[in-house]
Amino acid sequence: MSQQPRAPQGGRPPGGPRPGGGPGFGPGPGMMGMPGQKPKNFKGSLRRLLVYLRPHRFKLISVFATAIISTVFSILSPKILGKATDRLFDWILAKAGGDASAVIDFQGIWQIILLLAGLYVISSVFAYIQQFLMAGVAQRTVNQLRNDVNDKLARLPLKFFDSRTHGEILSRVVNDVDNISNTLQQSLTQLITSIVTLIGVIVMMLTISPWLTLILVLTLPLSFLVVKAIASRSQRYFKGQQMEIGRLNGHVEEMFTGHAIVKAFGRERQSKAVFEEINDKLYQSSWRAQFVSGIMMPLMSMIGNIGYVAISVVGGIFVTRGSVSVGDIQAFIQYARQFTMPITQTANIANIIQSTIASAERVFELLDEPDEVPEREGRLTSADVRGDVAFRGVRFGYKEDEPLIENMNIEVKRGQTVAIVGPTGAGKTTLVNLLMRFYEVGGGSITIDSKDITELKRGDLRSLFGMVLQDTWLFNGTIRDNIAYGREGATEAEVIEAAKAAYADHFIRTLPDGYDTVLNEEASNISQGQKQLLTIARAILADPAILFLDEATSSVDTRTEIHIQRALTSLMEGRTSFVIAHRLSTIRDADLILVMNRGAVIEQGTHEQLLEQGGFYAELYNSQFSHEAHGSAV
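Note that the coordinates shown come from a computational prediction; the quantities given were computed from them, not determined experimentally.

Turning our eyes to something else, we now look at the packing of helix H6 (residues 210-217) against helix H10 (residues 296-321). With their axes 10 Å apart at the nearest point, H6 and H10 run at an angle of 165° to one another. The angle between H6 and H10 falls in the class roughly antiparallel. In terms of crossing hand, the pair formed by H6 and H10 is right-handed. Along the contact surface, H6 presents Trp211, Leu212, Ile215 and Leu216, while H10 presents Ala310, Ile311, Val314, Gly315 and Phe318.

Structure, rendered in structure tokens:
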């Protein structure tokens, strides 16, 4: 197959979104403090995500172990540092008591410093191991998820892509998967560290003073009230922010995709005005969201400071009574600072995980979409195909309750050129899509050489066809690669021969890099007519058993059109060819003309036979001929 299919003519389900419309990209990973998108089925989606992590369970256990070791060594440090403070304080007390022989225990302090340095180094080493292991787990997990998504996209029927915007599909494949990747890479290890830190800090504080620990714990309800109040108020602003980001993405995507049309119609000012309106709304939502969520840290700090004051006062009293040492109070204050941090982090991470599970849910919804109808193992190669095609009692509709084609019967013999004509939306391209099994028939059968196409492997079936469409499709690569796309393993000589047959060789050699010229995105560095020549060369190289031509010469000049028609005539010789025609003057010599209207073949025959009938085709032809004659006269 030489070309990818375009969206069917009149084929998008009625009321469905247009491809490429709407917001191009969804929001990225959630920000700290930002309320995340809530999943519909948290437990179910989490269980499915854990299935992807199951092969790495031993590494995850190692990550958990290294996180505990790293955090434990970090937690021990304030307690040991307090010992150094106690030794200095003992010397101060001895001096104040008149003990002239009292000296600072520098040796003991240095031992403590070396011990602390060792603990910090060990903690850092285990933290590095933890991140290294988690990076491998996260990337392998997401790699598998991306592979599954890519395999799924290859198995989805064309109707899935016709009924959804490109931006929506890209958002699931790129943004949602990246969101999962970032959470596995960062937030999961942070969650483990935060939980271990919280438990460890509580244990260490209890060993110092249960009463001081109780004072600190009493500040927690106030912290939770602040977090809840701020989160509830900021949530609507963050929701508005994401909505405006989606609108902005959609507007920018449309304006850049159609920038030539915008300029041609002089709509730059209106486009700029719409952008500024959306951008201003985004600014207002973002400013409010950031302002409200930004209040959280100052308020949490204030609550923390209240706790520090209470600890310092009560701790001072305990020191004077001798129940707690000064070093322990210093260590406790450090633990108190560490105590609030993991609580805030855990709340934020829980929020991010919620957003991540929502992203996973969207990815799993894509993976759960029904595949194409299972294919059978029947095979048919171009060498075996005669080219007899038959539609018998075919019924089809993009929606089950809205049939487009009913009881279609067509007989096409080997080597015939079949022209399909009719008004826009008549079902011409739908006919081609059914023949190539991009869509499944709702009834009846389609056969090639008396063999039902549903009994053939789709890849084998589609390899029988070559396509040259009005809407050219070229990928980012060299001209040589684009032509060679028509047949795997094509040699340099075959590529050049195909280009010559399509009258493309001359213009290719005039380019600075010839066949090595790289076509950029949209292939905007060559003309529309030159693009069409390349797609024709690709079809010639494919050497298919059956051809589809959809106004293949519509984008070339008259002189080039004559050359292309000759090349196509030679290519079509001995092959069954389907030609979708808009200019009826180009298909007068067709062996069979199918006249379609509203999904049905209302007339069929040769050009002369249809004119003699004086029906729909004759009326269509005469009106078009009169219009062309009038245009020539003018």
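Reading across the sheet, the six strands line up as E6-E9-E10-E3-E11-E12 and stay open at both edges, with mixed pairing between neighbours. The sheet terminates laterally at strand E6 (465-468) and strand E12 (600-605), the two strands that pair on one side only. Put simply, the sheet's adjacent strands are angled 20° from each other on average, direction ignored. One ladder, built from five bridges, connects strand E11 (residues 592-597) with E12; its direction is antiparallel. If you follow Asn597 over to E12, its bridge partner there is Ala600.

Here the idea is plain: a probe the size of a water molecule rolls over the atoms and shows the empty space left. Tallied over the full model, the rule gives two cavities of 30 Å³ or more. Around the second largest cavity sit Leu216, Thr219, Ser223, Ile303, Gly304, Gly307 and Thr340, which together line it. A per-element tally of the lining of the second largest cavity places H10 first, with three residues. Tallied by class, residues from the lining of the second largest cavity come to two nonpolar, five polar and no charged.

So, on to the environment of Ile357. Among the structural elements, Ile357 can be located in helix H11 (residues 326-367). By relative accessible area, which is 2% here, Ile357 ends up buried. Residues Ile357 and Leu46, 311 residues apart in the sequence, show an inter-C-alpha distance of 6.3 Å.

To summarise the sheet geometry, strands pair through backbone hydrogen bonds and adopt either a parallel or an antiparallel arrangement. If you walk across this open sheet you meet the four strands as E2-E1-E4-E5, and the pairing is antiparallel. Single-partner strands in this sheet number two, and they are strand E2 (405-412) and strand E5 (451-452). Where strand E4 (residues 443-448) meets E5, two bridges bridge the pair, whose relative direction is antiparallel. Each bridged residue has a counterpart across the sheet, and for Ile448 the counterpart in E5 is Lys451. The strands that helix H12 (residues 428-435) touches are strand E1 (389-396), E2 and E4; relative to E1, the one it contacts most, it runs at about 110°.

A few words on the pattern of salt bridges. Enumeration over the complete set of coordinates arrives at 13 salt bridges. Among the ionic pairs, Lys281 bridges to Glu277, the shortest N-O distance being 3.5 Å. One end of the pair, Lys281, and the other, Glu277, are both in helix H9 (residues 268-294), four residues apart, so they sit about a helical turn from each other. On the accessibility criterion, Glu277 (41% relative accessible area) is partly exposed.

Bringing the pairing of strand E9 (residues 546-550) into the picture now. Across the five residues that make up E9, a large majority, five, are buried. On E9, burial covers both faces: Ile546, Phe548 and Asp550 on one face and Leu547 and Leu549 on the other are all buried. Direction of pairing for E6 relative to E9: parallel, over a ladder of four bridges. Paired with Val468 across the two strands is Leu549, which belongs to E9. Examined bridge by bridge, E9 and strand E10 (residues 576-580) share five bridges and lie parallel to one another. Bridged to Ile546 within E10 is Thr576.

Our next topic: the packing of aromatic side chains. Taken as a whole and judged by the stated rule, the model has eight aromatic pairs. For the ring pair Tyr128 and Phe132, a centre distance of 6.3 Å and an interplane angle of 25° mean the geometry is stacked. Of this pair, Tyr128 and Phe132 both sit in helix H3 (residues 106-155), four residues apart, which is roughly one turn of the helix.

The next subject is helix H15 (residues 492-501). Every buried residue of H15 is accounted for by Val495, Ile496, Ala498 and Ala499. Taken end-on, H15 shows its buried residues confined to a sector of 160°, consistent with a single buried face. Facing away from the buried side of H15, by more than 90 degrees, are the exposed residues Ala493, Glu497 and Lys500. The first or second residue beyond H15 is Tyr503, which carries a positive phi of 60°.

Turning next to the confidence of the model for the chain. For residues with low pLDDT, the predicted coordinates do not support detailed interpretation. Residues with a pLDDT of 70 or more make up 86% of the chain, whose mean pLDDT is 77. Mean pLDDT per element in the chain: helix H20 (residues 616-633) is the minimum at 66, and helix H14 (residues 479-484) is the maximum at 90. Note on residues 1-36: pLDDT is under 50 here. Beyond four places in sequence and across chains, it has 116 contacts. The model gives residues 629-634 a pLDDT under 50, and that stretch makes zero contacts with residues more than four places away or in other chains.

About the criteria used
- Residues numbered from 1 in each chain as written.
- Predicted model: local features only at pLDDT ≥ 70, side-chain atom pairs only at ≥ 80, totals over all residues.
- Heavy atoms only, no water.
- Axes fitted to C-alpha atoms, helices over the stretch in contact; angles between N-to-C directions.
- Helix = DSSP H or I, 4+ residues; strand = E, 2+ residues; numbered from the N terminus.
- Parallel < 35°, antiparallel > 145°, perpendicular 65-115°, else oblique.
- Left-handed = near helix turned anticlockwise from the far one by under 90°.
- Contact = heavy atoms within 4.5 Å.
- Pairing = 2+ DSSP bridges.
- 1 Å grid on protein atoms, 1.4 Å probe; cavity = no way out; pocket = protein on both sides within 12 Å on 5 of 7 lines; lining within 4 Å.
- Points joined across faces, edges and corners; volume = space filled by probe spheres on them.
- Nonpolar A, V, L, I, M, F, W, Y, C, P; charged D, E, K, R; others polar.
- Buried < 20%, exposed > 50% of the residue type's maximum accessible area, 1.4 Å probe, protein only.
- Salt bridge = Lys/Arg side-chain N within 4 Å of Asp/Glu carboxyl O.
- Phe/Tyr/Trp six-rings, centres within 6.5 Å; stacked < 30°, edge-to-face > 60°.
- Arc of directions from axis to C-beta.
- pLDDT = per-residue confidence, 0-100.

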